[in-house]
Every structure is written in structure tokens, then in C-alpha cells.
Amino acid sequence: MRDELLKSSEHRLWELIAERTRPGVDLKALDRRIWDLFGETWAIMFTDLSGFSRQVEKFGILHFLQIILEHKELLSPIIQKHDGILIKIEEDSLIVIFRRTASAVLCAVEMQEILKQYNLKRPPETEVLLCVGIGYGEMLRIGDQDVWGREVNAASKLGEDTAKAGEILLTRAAVDSAGTLEGITFEKIEAQVGGSAENYRANY
């Protein structure tokens, strides 16, 4: 039944999107309907493993699949602890939403700290090196299947394309929403990404 409900939600969204292509449609009214149905406000986290292509080329895909499995097993309990909802797994990336941006930041910090300790016991080629991007704002959410929106895109670009290994990068909206967190400061960075012209690095 749950799967049927999710499928019907996705089907309904694409029905409404299809209506946007019809001549004479009132786009403003239609878009309001779509956002009324599917629009929600969340913090969004994208994680990415550093050096995917390089490690695959050097050690082979099976080695990297092992690293992917190990990092999911390590990080899943931390995500659950901070009340994150895992929306999607795409190759070496995790997409997670949180009701509170502070929870997303604290989760990311704990993830990085756990991996730092984990890597101390491993040779360099088997280290799990995580990049994290966090955004906050209104997005279209389809059950636990997918999310779309400007802050989703920005978090994706920060986590997958901009952050270096061990870094946590945030949009300005995410920093404003997170508020003051003990032991964590936010440093403005030069990088701009689609959906967020002002971005920050979390120092902890």
C-alpha cells in the first residue's frame, strides 16, 4: 500500500507537470497547485566520496564498491541518531533530509569525526573520505523517493563538486537556519554554485 501511495504521488506530480505544456494554461495557478501539493521545507544533505574516478581506475570497481558499502554501514546509524531521512542513494552519494538544519550540521560533523577515527586504522587506499554539502529551503518532495529544488541543487553542487575531503559546506540559507551551534563556526568561502551565490565552510 505504501509503495502504491508513493507511485500515485509521483504520477500525480508528472500529470501536473504535463499540464504546463498545454497551450493557454495558467502557469501561475498551476504552479501554486504543485507547490501546495508537494512543497515542503527541509534541510538537505548531499554526501560524496572523494576520489571516485581515481580509485576506480587504480584499484578497480569492486574495491570501490566495498568502500561504498562500508561508508553506508558506518553512517546510517549516525543519520538515524540525528533524525535524518535517507531519500536516495546514488552510486557513492547519499541524499538525506532533516527537519532541523542544526541536526543536519551536527550529523555531518559526527560523520566526519567517525570517519577520521575509522581511517586511522586503514591504509590510504582504503580510507573513506567524505565531502558534504548542506542546503535549506522549500523543495518538492515525493514521499521518500526524491526531492527537487534550488537548495537541493546547491547542496548537490557543494557536496559533489566543491567540497574537499573532510569538508562540510553550506549555503547561506542553511547557515542562517542552523543558528548558533556550540563548537562550530561558519567561514564564508569564495565558491558560488547554482542556486546559492553565498556559501560557507563549517569549522569544528
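That block above? That's the structure.
As the structure is a computational prediction, the values presented were derived from the model and not from experiment. (Residues numbered from 1 in each chain as written. Predicted model: local features only at pLDDT ≥ 70, side-chain atom pairs only at ≥ 80, totals over all residues. Heavy atoms only, no water.)

With respect to the overall build of the protein chain
Quick note on the threshold: Comment: elements are numbered from the N terminus, with helices defined as DSSP H or I runs of at least four residues and strands as E runs of at least two. Here the globule rule is a power law, 2.2 Å times the number of residues to the power 0.38, and the radius of gyration is based on C-alpha atoms. Burial here depends on accessible area, computed with a 1.4 Å probe over protein chains only, as a share of the maximum for the residue type. Under 20% is buried, over 50% is exposed, and the range in between is partly exposed. Any two residues whose heavy atoms approach within 4.5 Å at even a single point are treated as in contact. What sets the accessible areas is the Shrake-Rupley method with a 1.4 Å probe; for residues, cover comes only from the shown protein chains. His is not counted here, nor are the chain ends, while Lys and Arg score as positive and Asp and Glu score as negative. The atom standing in for a charge is NZ when the residue is Lys, CZ when it is Arg, CG when it is Asp and CD when it is Glu.
Looking only at helices and strands, one finds 7 helices and 8 strands in the protein chain. Taken over the C-alpha trace, the protein chain has a radius of gyration of 18 Å; the compact-globule value for 204 residues is 17 Å, and the two agree within 12%. Across its three principal directions, the C-alpha atoms of the protein chain cover 60 × 40 × 30 Å. In the protein chain, which comprises 204 residues, the proportion classed as buried is 44%. In the protein chain, the proportion of contacts linking residues at least 24 apart, taken out of those at least 6 apart, comes to 67%. Put simply, the protein chain shows about 11,000 Å² of open surface, and 51% of that area lies on carbon and sulfur atoms. Charged side chains in the protein chain number 25 positive and 33 negative. The centres of these two groups are separated by 2 Å.

Considering the nonpolar core
Quick reminder of the rule: What is meant by a nonpolar core is a set of buried Ala, Val, Leu, Ile, Met, Phe, Trp, Tyr and Cys residues, joined one to another through side-chain atoms within 4.5 Å.
In terms of nonpolar packing, the biggest core is built from 34 residues, with Met45, Val105, Met111, Ile134, Ile168 and Leu170 touching the most fellow members. Breaking this core down by element, the ones donating at least two residues are strand S1 (39-49), helix H4 (61-81), strand S3 (93-98), helix H5 (101-120), strand S4 (130-142), strand S6 (168-171), helix H7 (172-178) and strand S8 (199-203). For this core, the element with the highest residue contribution is H5, accounting for 9 residues. Beyond its immediate stretch of four places on either side in the chain, valine 105 contacts Ile134, Leu170, Ala178, Leu181, Ile184 and Phe186.

Thoughts on the packing of H4 against H5
Put simply, the rule reads: All axes are obtained by fitting lines to C-alpha atoms, using only the stretch in contact for helices, and the reported angles, taken between N-to-C directions, cover 0 to 180 degrees. Crossings are sorted by hand: turned counterclockwise from the far helix by less than a right angle, the near helix makes the crossing left-handed, and turned clockwise it makes it right-handed.
The contact between H4 and H5 brings their axes to 10 Å, and the two run at 145°. The crossing of H4 and H5 is right-handed. For the pair formed by H4 and H5, the contact residues are Glu70, Leu74, Leu75, Ile78, Ile79 and Lys81 on the first element and Cys107, Glu110, Met111, Ile114, Leu115 and Tyr118 on the second.

With respect to the pairing of S1
To keep it simple, the criterion reads: By the convention used here, strands pair only if DSSP detects at least 2 bridges between them.
Burial of S1 is extensive: 8 of the 11 residues sit out of reach of the surface. Relative to S4, S1 runs antiparallel, the two sharing 11 bridges. When the bridges of S4 are listed, glutamate 40 appears paired with methionine 139.

Here we look at the pattern of salt bridges
For clarity, the cut-off: The term salt bridge refers to a side-chain nitrogen of Lys or Arg lying within 4 Å of a carboxyl oxygen of Asp or Glu.
Counted by the stated rule, this structure contains 15 salt bridges. One salt bridge connects glutamate 110 with lysine 81, and the closest N-O pair in it is separated by 3.1 Å. One end of the pair, glutamate 110, is in helix H5; the other, lysine 81, is in helix H4, with 29 residues separating them in the sequence. The partner of aspartate 161 in a salt bridge is lysine 157, with the nearest N and O atoms 3.6 Å apart. Here lysine 157 and aspartate 161 lie together in helix H6 (residues 150-162), a separation of 4 residues that amounts to about one turn. Several salt bridges share partner residues, and in doing so they unite Glu40, Arg141 and Asp144 into one network.

Here's the deal with unusual backbone geometry
Although it is not a glycine, aspartate 83 sits at a positive phi angle of roughly 60°. By the element assignment, aspartate 83 lies in the loop between H4 and strand S2 (85-90). Aspartate 83 gets classed as exposed once you look at its relative accessible area, which sits at 62%.

Remarks on the packing of aromatic side chains
Going by this rule: Aromatic rings from Phe, Tyr and Trp, with only the six-membered ring used for Trp, were paired whenever their centres fell within 6.5 Å, and each pair was classed as stacked if the ring planes differed by under 30 degrees, edge-to-face if by over 60, and tilted otherwise. In this analysis the charged atom, NZ for Lys or CZ for Arg, is taken to sit over a ring once it is within 6 Å of the ring centre and within 35 degrees of the ring normal.
If you walk through the whole model with that rule in mind, you get 1 aromatic pair. Plain terms: the ring middles of tryptophan 14 and tryptophan 148 are 6.2 Å apart, the flat faces sit at 80° to each other, and that makes the pair edge-to-face. Here tryptophan 14 is found in helix H1 (residues 2-19), whereas its partner tryptophan 148 is found in strand S5 (residues 146-148), with 134 residues between them in sequence. A relative accessible area of 47% means that tryptophan 14 is categorised as partly exposed. Sitting above the plane of the tryptophan 42 ring, arginine 99 keeps its charged end 3.8 Å from the centroid.

A word on the side chain of glutamate 151
Heads up, the rule is: N or O atoms within 3.5 Å of each other form a polar contact, as long as, within protein, one can give a hydrogen and the other can take it, and as long as residues adjacent in sequence are counted only when both atoms are side-chain atoms.
In this fold, glutamate 151 is placed in helix H6. This buried residue, glutamate 151, is left without a salt bridge; arginine 150 holds the nearest opposite charge, at 4.9 Å. Of note is the side chain of glutamate 151, whose polar atom sits 2.9 Å from the backbone nitrogen of tyrosine 136.

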